[in-house]
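Here is how the chains run, residue by residue.
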Amino acid sequence: MEEWQEGEVVENIKWTKNLASLKIKAKINLHQAGQFTRIGLNIKDELVTRSYSYASAPQDDLLEIIYVNVSNGTLSPKLHELKIGDKVYVMKQAIGYFTLDEIPDGKNLWMLATGTALGVFLAMLKTSLPWQRFEKIILIHSVRYSEELIYQDLIEELKQSHPDQLIYISAVTRFKVEGSYNNRITKGLLTREFENHTQIKIDEDSQFMICGNPEMIKETTEILKGFGLVKNRRAKPGNITVERYWV
Ligand code: NAP
């Protein structure tokens, strides 16, 4: 049974015209980094809800999600209009298994994200767990345009607090941008450019967590299978763990 809690909007950060983050104060149960919740609003006397991953860490005071304002969507244009103090419904209990305790041990942790999926990895990186468990963490974030490379301050802080552990690669696919990879994650893997850049070989010591565009997840999984890695399942541990994010 879904249990709903009323929350209050504390901030609605507009990164670009349609990319935003919502910070909500709500009395909800503790989540695990990597899990998602449902956010809802009463629209025409009906509770309309959608799933969103937590971008906030369990220890953060506010619940934070990243969302895209889909112009013909039902809920997201309403989320986009929310002001400080407005009320939203939040599911009390978080859900999902895309969490670090589902990931087998390994030397290197590759976190691959497109678009808003960056949030799940930021939630994890704000906890101590990945830093304790992995020697190197490679965070790769692919977006269409450079202004979608969000949370740069937080990423810089993480790089500074873990200088020998964190490698951050931004990929901007639709324009050439200095300092960013100018192609899709799939291409960077297939051409071995990411391995060359990081000096980390993709092998059984690498754990992959993949979240974002469903096609990217599918294609990336196939590429990694081609490298000899297998999907991670509870019954049969492997190296590729994915989150079906949106369809
Ligand atoms: P996107 O189209 O997934 O683009 C993000 C990044 O993923 C881009 O760098 C893109 O490269 C790359 N990419 C796309 N397909 C790929 C593939 N098969 N293999 C490897 N990389 C791939 O998403 P977005 O820019 O974040 O958002 C676009 C639209 O997605 C939104 O307008 C919205 O409708 C929808 N969206 C929905 C939700 C939801 O929760 N329902 C969440 C996020 C986005 P290219 O530039 O080369 O395509």
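Residues numbered from 1 in each chain as written. Predicted model: local features only at pLDDT ≥ 70, side-chain atom pairs only at ≥ 80, totals over all residues. Heavy atoms only, no water.

Colleague: So what's going on with the pairing of strand S8 (residues 136–143)? Residues and values would help.
Modeller: When a strand is regular, its side chains alternate between the sheet's two faces. Burial analysis of S8 places seven of its eight residues in the buried class, which makes it a mostly covered element. In terms of strand pairing, strand S7 (residues 108–114) meets S8 through seven bridges, oriented parallel. When the bridges of S8 are listed, Leu 112 appears paired with Ile 140. Examined bridge by bridge, S8 and strand S9 (residues 166–172) share seven bridges and lie parallel to one another. (Buried < 20%, exposed > 50% of the residue type's maximum accessible area, 1.4 Å probe, protein only. Helix = DSSP H or I, 4+ residues; strand = E, 2+ residues; numbered from the N terminus. Pairing = 2+ DSSP bridges.)

Colleague: Please give an account of the nonpolar core that cites residues and values.
Modeller: The nonpolar side chains of soluble globular proteins are, as a tendency, buried together. The biggest cluster of nonpolar side chains holds 34 residues, and the ones touching the most others in it are Met 111, Phe 121, Met 124, Ile 137, Leu 139 and Met 209. When residues of this core are traced back to their parent elements, those giving at least two are S7, helix H2 (118–125), S8, helix H4 (152–161), S9 and strand S10 (206–212). Examining the composition of this core, we find that seven residues originate from one element, H2, more than from any other. Structurally, this core is a two-domain feature, drawing no fewer than three residues from each of domain 1 (4–91) and domain 2 (100–242). Here Met 111 is in contact with Phe 121, Met 124, Leu 125, Ile 137, Ile 138, Leu 139, Ile 140 and Met 209, once residues within four sequence places are set aside. (Core = buried A, V, L, I, M, F, W, Y, C linked by side-chain atoms within 4.5 Å. Domains from an automatic or database assignment. Contact = heavy atoms within 4.5 Å.)

Colleague: So what's going on with the sheet that holds strand S1 (residues 4–14)? Which residues, and what values?
Modeller: Through backbone hydrogen bonds, the strands of a sheet pair up, either in parallel or in antiparallel fashion. Reading across from one edge, S4-S3-S6-S1-S2-S5 is the order of the six strands in this open sheet, with antiparallel pairing throughout. Sheet topology places strand S4 (46–53) and strand S5 (63–68) at the edges, where each strand pairs with a single neighbour. Sheet twist, expressed as the mean angle between neighbouring strand axes with direction ignored, is 40°. One ladder, built from six bridges, connects strand S2 (residues 19–25) with S5; its direction is antiparallel. Counterpart to Ile 24 in the pairing with S5 is Leu 63. (Axes fitted to C-alpha atoms, helices over the stretch in contact; angles between N-to-C directions.)

Colleague: Please provide a residue-by-residue account of the site of the ligand, values included.
Modeller: Around the ligand, the structure places 17 residues, and the nearest of them are Ser 142, Thr 173, Arg 174, Arg 184 and Asn 213. Taking Arg 174, its side chain carries an N or O atom lying 2.7 Å from an oxygen atom of the ligand. Met 216 has a polar backbone atom sitting 3.4 Å from a nitrogen atom of the ligand. Looking at the shell around the ligand residue by residue, the classes come out as five nonpolar, seven polar and five charged. (Near = heavy atom within 4 Å. Polar contact = N/O pair within 3.5 Å; in protein donor to acceptor, adjacent residues only side chain to side chain. Nonpolar A, V, L, I, M, F, W, Y, C, P; charged D, E, K, R; others polar.)

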